[in-house]
Amino acid sequence: MARRAGRPWRRFRRLVVETYGPWCCFGSACLLGDPFIDLSLPWSNPPPPGYYTVHHVVPLAHGGGLLDLDTARPAHYRCNSSQQDRPMVMSRRSSTAW
Ligand SMILES: [Zn+2]
């Protein structure tokens with residue numbers, strides 16, 4: 001499984017914001033009300049709501065590439081994480097009788 005760690009991922013994060021600008025891709029639906037992303041916010045655990053994250057327009061579970069610039073957009077941590085609440089297609093681990 002692809003991990004969001006290491007130098008390629010960090011470089012990709014920077015590339016995404018350089019390409020699309022520091023603007024939350026949720027726009028008018030931005031949960032913070034202001035789509036501007038403050039890139040100076042430091043990482044913490046949990047991250048601040050306005051923390052810069054990379055949102056994958058095509059979910060990785062649906063064939064999106066982790067380091068695919070075409071399907072990645074800047075987003076706030078808050079906006080991005082709220083998107084992950086909806087159920088996703090999980091890989092089947094056990095045999096299921098239908
Ligand atoms: Zn936002």
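Predicted model only: the values in this text are computed from it and were never measured.

**Describing the overall build of the protein chain**
So, step 1. Counting secondary structure elements, the protein chain contains 2 helices and 2 strands.
So, step 2. The N-to-C order of helical and strand elements in the protein chain reads α-β-β-α.
So, step 3. Long-range pairs, those at least 24 residues apart, make up 58% of the contacts in the protein chain with a sequence separation of at least 6.

**Here's the deal with the confidence of the model for the protein chain**
So, step 1. This prediction gives the protein chain a mean pLDDT of 85; 81% of its residues lie at or above 70.
So, step 2. Across the protein chain, element-level confidence peaks in strand E2 (residues 72-76) with a mean pLDDT of 97 and bottoms out in helix H2 (residues 77-83) with 88.

**So, helix H1 (residues 6-20)**
So, step 1. The terminal C-alpha atoms of H1 lie 22 Å apart, and with 15 residues this matches the ideal 21 Å at 1.5 Å per residue to within 8%.
So, step 2. Trailing H1 by a residue or two, Gly21 shows a phi angle of about 85 degrees, which is positive.

**A closer look at the nonpolar core**
So, step 1. Counting residues in hydrophobic clusters, the biggest one holds 9 residues: Cys24, Cys25, Phe26, Ile37, Tyr51, Tyr52, Ala75, Tyr77 and Cys79.
So, step 2. Discounting residues that sit within four places of it in the chain, Ala75 has contacts with Cys24, Cys25, Phe26, Thr53, His55 and Asn80.

**Side note on the environment of His55**
So, step 1. Structurally, His55 is set in strand E1 (residues 52-56).
So, step 2. What makes His55 buried here is the crowd of 21 C-beta atoms within 10 Å.
So, step 3. Residues His55 and Cys24, 31 residues apart in the sequence, show an inter-C-alpha distance of 9.1 Å.

**A few points about the pairing of E2**
Two faces, one strand: in a regular strand the side chains alternate between the faces of the sheet.
So, step 1. In terms of burial, E2 is a largely internal element, 5 of the 5 residues being buried.
So, step 2. Residues Ala72, Pro74 and His76 point to one face of E2 and Arg73 and Ala75 to the other, with burial holding for every one of them.

**So, the pairing of E1**
So, step 1. Among the 5 residues in E1, 4 count as buried, and that is most of the element.
So, step 2. By the bridge criterion, 5 bridges tie E1 to E2 in an arrangement that is antiparallel. If you follow Tyr52 over to E2, its bridge partner there is His76.

The rules we used
- Residues numbered from 1 in each chain as written.
- Predicted model: local features only at pLDDT ≥ 70, side-chain atom pairs only at ≥ 80, totals over all residues.
- Helix = DSSP H or I, 4+ residues; strand = E, 2+ residues; numbered from the N terminus.
- Contact = placed C-beta atoms within 7 Å.
- pLDDT = per-residue confidence, 0-100.
- Expected span 1.5 Å × (residues − 1).
- Core = buried A, V, L, I, M, F, W, Y, C linked by C-beta atoms within 7 Å.
- Buried ≥ 20, exposed ≤ 12 C-beta atoms within 10 Å, placed from the backbone.
- Pairing = 2+ DSSP bridges.

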